[in-house]
Amino acid sequence: MSRWRDFWEQYRRNRGALVGLAIVALVIAMAATAPIFFPGDPGEMIAQPFLWPLEDREFPLGSDALGRDLAAQIFHGAHVSLLVGAAATTAAVTVGLSVGLVSGYYRGRVDDALMRLTEIVQTIPPFVLTIILVAVFRPSLRTIVIAICVVSWPSVARLVRAEVLSLREREFVQAGVAMGMSDLRLILTQILPNAMTPVIVAASLMMATSILLEAGLAFLGLGDPNVVSWGTIIGAGRESVRDAWYICALPGLAIFLAVLGLNLVGEGLNDAFNPRLRGR
């Protein structure tokens, strides 16, 4: 309990991190309350086209070219963005952890083979590879999550490998070897818990990147056609951006705030976990 109290004390010293936490909490609240405030289909045409924000009390954020409620689309889009970001980040961290742990612990030929694979994936521009994968396997939330995972795991693998190479020679790991612990037990009980700190920080930043990637895909028409996302709204409103710029600006602002909040949270986690910053 005291450990978590110390962590919170260190975290809240960073005012930007608290702002980021508030922003992330707001986005989560939007996603959670979307079915309550907007229970119908967010893609339903229920308003007069091109209603500006605050022009009609029933549609406070206005409507798009087809008469769809922008507020409903943005709230439901928060759910999609968080779902894709969390799922893709979880998958990428799981794969990266597995590769990094095995590579750093066993070293030798295993390390060489896994690092060559990692380097091959990293040589391809992430967004280009994501577009190719989604286009080949048809756009859906599942393929988008898989594509983002494929381009994201190498950075986690390299980070974890570096941590494992450092931890492998520590006294507590060598003591476990002397006690006859199996490799799996050593990795899971001794190395993994001590390698998680930089991974947690990286995961918050990766989630922000995943939201941006999903928005970019949706903007290009490669999002899931069965759901509404922030990128989809921007893509649909780009043709009328001169006359009704708010259609692109409002979901763009939502993306900006979500990514900013996650980056600020990542910065706060780095400060809280970094022992060099304690006591400042």
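Please refer to the structure higher up on the page.
Residues numbered from 1 in each chain as written. Predicted model: local features only at pLDDT ≥ 70, side-chain atom pairs only at ≥ 80, totals over all residues. Heavy atoms only, no water.

## Side note on the overall build of the protein chain
Item 1. The secondary structure content of the protein chain amounts to 10 helices and 0 strands.
Item 2. Tracing the protein chain from N to C terminus, the helices and strands come up as α-α-α-α-α-α-α-α-α-α.
Item 3. Summarising its shape, the C-alpha atoms of the protein chain cover approximately 75 × 45 × 30 Å along the three principal directions.
Item 4. By residue count, 45% of the 280 residues in the protein chain fall in the buried class.
Item 5. A separation of at least 24 residues holds for 72% of the contacts in the protein chain among residues at least 6 apart in sequence. (Helix = DSSP H or I, 4+ residues; strand = E, 2+ residues; numbered from the N terminus. Buried < 20%, exposed > 50% of the residue type's maximum accessible area, 1.4 Å probe, protein only. Contact = heavy atoms within 4.5 Å.)

## Considerations on the nonpolar core
Item 1. By size, the foremost hydrophobic cluster in this structure holds 38 residues, and its most contacted members are Val-84, Leu-101, Val-160 and Ile-191.
Item 2. When residues of this core are traced back to their parent elements, those giving at least two are α3 (70–106), α5 (126–136), α6 (141–167) and α8 (183–219).
Item 3. Top element by residues in this core is α6. It accounts for 13 residues.
Item 4. Among all residues touching Leu-101, those that are not within four sequence positions of it are Val-160, Val-164, Ile-187, Ile-191 and Leu-192.
Item 5. The next biggest cluster of nonpolar side chains, apart from the first, holds 37 residues, and it includes Ala-72, Met-207, Ala-215 and Ala-272. (Core = buried A, V, L, I, M, F, W, Y, C linked by side-chain atoms within 4.5 Å.)

## Focus: a nonpolar patch on the surface
Item 1. A surface patch of nonpolar side chains, amounting to about 390 Å² of accessible area, comprises Val-128, Ile-132, Val-136 and Phe-137.
Item 2. With respect to the secondary-structure elements, Val-136 resides in helix α5.
Item 3. We classify Val-136 as exposed; its relative accessible area is 57%. (Patch = residues over 30% accessible without salt bridge, like charges linked within 9 Å, V, L, I, M, F, W, Y side chains within 5 Å. Areas by Shrake-Rupley, 256 points an atom, 1.4 Å probe, with all protein chains shown as cover. Salt bridge = Lys/Arg side-chain N within 4 Å of Asp/Glu carboxyl O.)

## Considering the packing of aromatic side chains
The relation between two aromatic rings is expressed through the spacing of the ring centres and the mutual angle of the planes.
Item 1. By the definition in use, this model includes 6 aromatic pairs.
Item 2. Aromatic pair Trp-8 and Tyr-11: ring centres 5.8 Å apart, planes at 20°, arrangement stacked. With Trp-8 and Tyr-11 both in helix α1 (residues 2–11) and 3 residues apart, this pair spans about one turn of that helix.
Item 3. Exposure remark for Trp-8: the relative accessible area of 36% places this residue in the partly exposed category.
Item 4. We classify Tyr-11 as buried; its relative accessible area is 3%.
Item 5. Grouped by ring-pair contacts, the aromatic residues Phe-37, Phe-38 and Phe-75 constitute a single cluster.
Item 6. Seen from the ring of Tyr-105, Arg-168 lies directly overhead, with NZ or CZ sitting 4.7 Å from the centre. (Phe/Tyr/Trp six-rings, centres within 6.5 Å; stacked < 30°, edge-to-face > 60°. Lys NZ or Arg CZ within 6 Å of the ring centre and 35° of its normal.)

Geometric descriptors of this kind do not, in isolation, establish any biological role.
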